[in-house]
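Here is what each chain is made of, one letter per residue.
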Protein chains: 2
Amino acid sequence: MAEHAQFEELARQLSAIGAVKRDMGRILPPACPSGTAAVLTLLGRHGDMRMSKLAELLAVDMSVTSRHVAHAADRGWIERSPDPADKRSRILRLTASGRAQLDELSRLTVDLLAERLSDWADEDVARLTQLMARLRESFDCRPAPRLTPAATAPPSATGTTAAPFVAPQTTRTPA
Amino acid sequence: MAEHAQFEELARQLSAIGAVKRDMGRILPPACPSGTAAVLTLLGRHGDMRMSKLAELLAVDMSVTSRHVAHAADRGWIERSPDPADKRSRILRLTASGRAQLDELSRLTVDLLAERLSDWADEDVARLTQLMARLRESFDCRPAPRLTPAATAPPSATGTTAAPFVAPQTTRTPA
DNA sequence: TATTGTTATACTCTATAACTATA
DNA sequence: TATAGTTATAGAGTATAACAATA
């Protein structure tokens, strides 16, 4: 467990990281703001999915997701087809045009990072990325405030060897 | 220099870190949103300063700074006194009430981080904080796109021994 | 009755531009 | 003429609540 001052400093850095995000946002095409870009990125990375799944990955309310998706669909980057299994749902899918837009986004952001981080060691980029991912995990998975009977009972061996303690329900969110 | 895929992943993490920031924002007092909290934090950390200096530390436009400061001043957390040296400027200063509010903010954020990051090693918290700080530095200091005559001429020795190459104008920003 | 998704409304943060008062 | 700061306006992101269609 870290000290008080360390957490204060981390909080400050979290607050200030917004400046970097704004810088990244400024290089995006006017028709594709950051919210839309995130939608395209996640669809490209995880493949077709429903609105609710995308909202979970984005870690925002579904109403927000709906607007970003509508924006992308209006521009022909996403196709919303009805889900045969559940007529309330819609399956989201990148179009060829959407894939092209995503490639362009990737080029822009990678170029910017490559320029700004030109003096960074490979290793440090990887470490920062990993630690940021872990930070998100630590925030998303809240360890169920109330104790369950199973949590106090001895580990009745389900076969997994790599789980030292109990792994509480995770309600994981982004990716 | 890192690879393409590594930069893509870092960009994704930067985009997704917003979820953590939103979580942090949700615990703030209704009267003190994140923008105001950042103002109080920087005044507490760096002491009295002018609007323009605060805007630089926040890395936002001064118009934005002005609104956050006005919000804090309206609540008695900040005092704006005229600068004797330049009547256009105003010196910002935390009041006792502002200090109390800042202490409360610190308590809230540190408690949240301590809970969420309870299983983090001290070392990892420090590493993440350092890398985020370095990321901001790498973004803020842009190495003057155009070459200056001085940059190509031999180092005509101004006395500094610790500057291996040219240190271009930095327009540094946050802190 | 519960869930999926959409839309309306409101709030926060930010940037640009116009304006004032000084320098 | 240029700079420090304020204010008005506009745009993006998000959350809550009300709503429609379906489970």
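One numbering rule holds for all chains: residues counted from 1, following each sequence as written. In the order they appear in the text, chains get letters beginning with A and ligands get numbers beginning with 1. The model is predicted, so local features are restricted to residues of pLDDT at least 70 and side-chain atom pairs to those at 80 or more, both for listing and for counting; the totals for chains, interfaces and linings are taken over all residues. Think of the side-chain values as coming from all heavy atoms in the structure, minus any hydrogens and water.

Nearness is defined per residue: one heavy atom within 4 Å of the molecule or strand is enough. DNA strand C sits among 24 residues. The nearest are Ser52, Ser66 and Arg88 of chain A together with Gly35 and Ser63 of chain B. Each atom of DNA strand C within 4 Å of the protein belongs either to a base or to sugar and phosphate, the latter forming 66%. Counting of polar contacts relies on pairs of N or O atoms within 3.5 Å, with two restrictions inside protein: one atom must be capable of donating a hydrogen and the other of accepting it, and residues adjacent in sequence are counted only when both atoms are side-chain atoms. Here a phosphate oxygen of DNA strand C sits 2.6 Å away from a polar atom, N or O, in the main chain of Gly35 of chain B. Backbone polar atom of Asp61 of chain B to a phosphate oxygen of DNA strand C: 2.9 Å apart, as the coordinates give it. Only runs of H or I of at least four residues qualify as helices and only runs of E of at least two qualify as strands under DSSP, and these elements are numbered from the N terminus. Considering each element in turn, the surface near DNA strand C owes the most residues, four residues, to helix 5 (residues 62-74) of chain B.

Our next topic: the sheet that holds strand 3 (residues 86-94) of chain B. Residues and elements named next belong to chain B. Strand order in the open sheet formed by three strands is 1-3-2, with antiparallel pairing between adjacent strands. Both edges of this open sheet fall to strand 1 (49-50) and strand 2 (78-83), since each of them pairs with a single strand only. Should DSSP find at least two bridges between two strands, the strands are taken to pair. The sheet contact formed by strand 2 and strand 3 spans six bridges and is antiparallel. The residue bridging Ile78 from the neighbouring strand is Leu94, located in strand 3.

In the region of DNA strand D, 24 residues are neighbours, and Gly35 of chain A together with Ser52, Ser63, Ser66 and Arg88 of chain B sit closest. Sugar plus phosphate, as a fraction of atoms of DNA strand D within 4 Å of the protein: 68%. One of the side-chain nitrogen or oxygen atoms of Ser63 of chain A is found 2.9 Å away from a base oxygen of DNA strand D. One nitrogen or oxygen atom from the side chain of His68 of chain A is found 2.9 Å from a phosphate oxygen belonging to DNA strand D. Of all the elements in the fold, those that place two or more residues in the surface near DNA strand D are helix 3 (34-46), helix 5 (62-74) and strand 3 (86-94) of chain A together with helix 2 (18-26), helix 4 (51-58), helix 5 and strand 3 of chain B. A per-element tally of the surface near DNA strand D places helix 5 of chain A first, with four residues. When the residues that make up the surface near DNA strand D are grouped by side-chain class, the tally is five nonpolar, eight polar and eleven charged. Under the grouping applied here, Gly and all other residues not named as nonpolar or charged are polar, the nonpolar ones being Ala, Val, Leu, Ile, Met, Phe, Trp, Tyr, Cys and Pro and the charged ones Asp, Glu, Lys and Arg.

Moving on, we come to the pattern of salt bridges. One speaks of a salt bridge when a side-chain nitrogen belonging to Lys or Arg is within 4 Å of a carboxyl oxygen belonging to Asp or Glu. Per the counting criterion, the structure on display carries 20 salt bridges over all chains. With a closest N to O distance of 3.0 Å, Asp86 of chain B and Arg88 of chain B form a salt bridge. In this scheme, a residue with accessible area under 20% of its type's maximum is buried, one over 50% is exposed, and one in between is partly exposed, where area comes from a 1.4 Å probe on protein chains only. Since its relative accessible area comes to 74%, Arg88 of chain B is described here as exposed. Arg127 of chain B serves as the salt-bridge partner of Asp124 of chain B, at 3.3 Å between the closest nitrogen and oxygen. Here the residue Asp124 of chain B and the residue Arg127 of chain B both occupy positions in helix 7 (residues 122-140), the gap between them amounting to three residues, near one helical turn. Through salt bridges that share partners, Asp23, Arg26, Glu115 and Arg116 of chain A make up one connected network.

To form a nonpolar core, buried Ala, Val, Leu, Ile, Met, Phe, Trp, Tyr and Cys residues must be joined to one another through side-chain atoms within 4.5 Å. Ranked by internal contacts, the top residues of the largest apolar core, which has 36 residues, are Leu117, Leu128 and Leu135 of chain A together with Leu117, Leu128 and Leu135 of chain B. Where this core is concerned, the elements lending two or more residues are helix 1 (4-16), helix 2 (18-26), helix 6 (96-116) and helix 7 (122-140) of chain A together with helix 1 (4-16), helix 2, helix 6 (96-116) and helix 7 of chain B. Contact criterion: two residues are considered in contact whenever any of their non-hydrogen atoms come within 4.5 Å of each other. In this view, Leu117 of chain B contacts Phe7, Leu10, Leu135, Ser138 and Phe139 of chain A together with Val125 of chain B; residues no more than four positions away in its chain are not counted.

Attention now moves to the relation of the copies chain A and chain B. For this overlay, a least-squares fit was computed on C-alpha atoms, restricted to residues scoring pLDDT of at least 70 in both copies. Least-squares fitting of chain A to chain B yields an RMSD of 0.0 Å, with the superposition described by an axial translation of 0.0 Å and a rotation of 180°. Here the symmetry operator amounts to a two-fold rotation axis. Using C-alpha coordinates, one finds that chain A approaches the rotation axis most closely at Leu128 of chain A, a distance of 3.2 Å. Looking at chain A, 100% of its interface residues are interface residues in chain B too, so the copies touch through the same face.

With that out of the way, let us pick up the interface of chain A and chain B. Across the contact, 59 residues belong to chain A and 59 residues belong to chain B. Both sides together, the interface formed by chain A and chain B hides about 6,300 Å², and carbon and sulfur atoms give 65% of it. We define buried area as the total accessible area lost by two parts upon association, computed with a 1.4 Å probe and summed across both. Taken as a group, Arg12, Trp120 and Phe139 of chain A account for 12% of the area that chain A buries against chain B, more than any other trio of residues on that side. The closest approach of N and O atoms between Glu9 of chain B and Arg45 of chain A, which form a salt bridge, is 2.7 Å. At the level of secondary structure, the elements contributing two or more residues to the side of chain A that touches chain B comprise helix 1, helix 2, helix 3, helix 4 (51-58), helix 6 and helix 7 of chain A. If you tally residues by element for the side of chain A that touches chain B, the top one is helix 7 of chain A, at 15 residues. Broken down by class, the residue content of the side of chain A that touches chain B amounts to 32 nonpolar, eleven polar and 16 charged.

Time to look at the sheet that holds strand 2 (residues 78-83) of chain A. All names here are of chain A. On the basis of which strands lie adjacent, the open sheet formed by three strands has the order 1-3-2 and antiparallel pairing. Strand pairing shows two members of the sheet lacking a second neighbour, strand 1 (49-50) and strand 2, which therefore form its edges. This element, helix 3, spans strand 1, strand 2 and strand 3 of the sheet and lies at about 90° to strand 3. Angles run from 0 to 180 degrees between N-to-C directions of axes, and those axes are lines fitted to C-alpha atoms, restricted for helices to the stretch in contact.

Now for helix 5 of chain B. Each α-helix turn comprises 3.6 residues. Residues three or four places apart therefore point the same way. Residues and elements named next belong to chain B. For helix 5, spanning 13 residues, the distance from its first C-alpha to its last is 18 Å, which sits close to the expected 18 Å at 1.5 Å a residue. Within the sequence span of helix 5, burial applies to Thr65, Val69, Ala72 and Ala73. Along the axis of helix 5, the buried positions cluster into a sector of 95°, meaning they face one direction only. Exposed side chains of helix 5 directed beyond 90 degrees from the buried face belong to Arg67 and Asp74. A helix is expected to span 1.5 Å for every residue after the first. Summarising the geometry, the arc corresponds to the directions from the helix axis toward the C-beta atoms.

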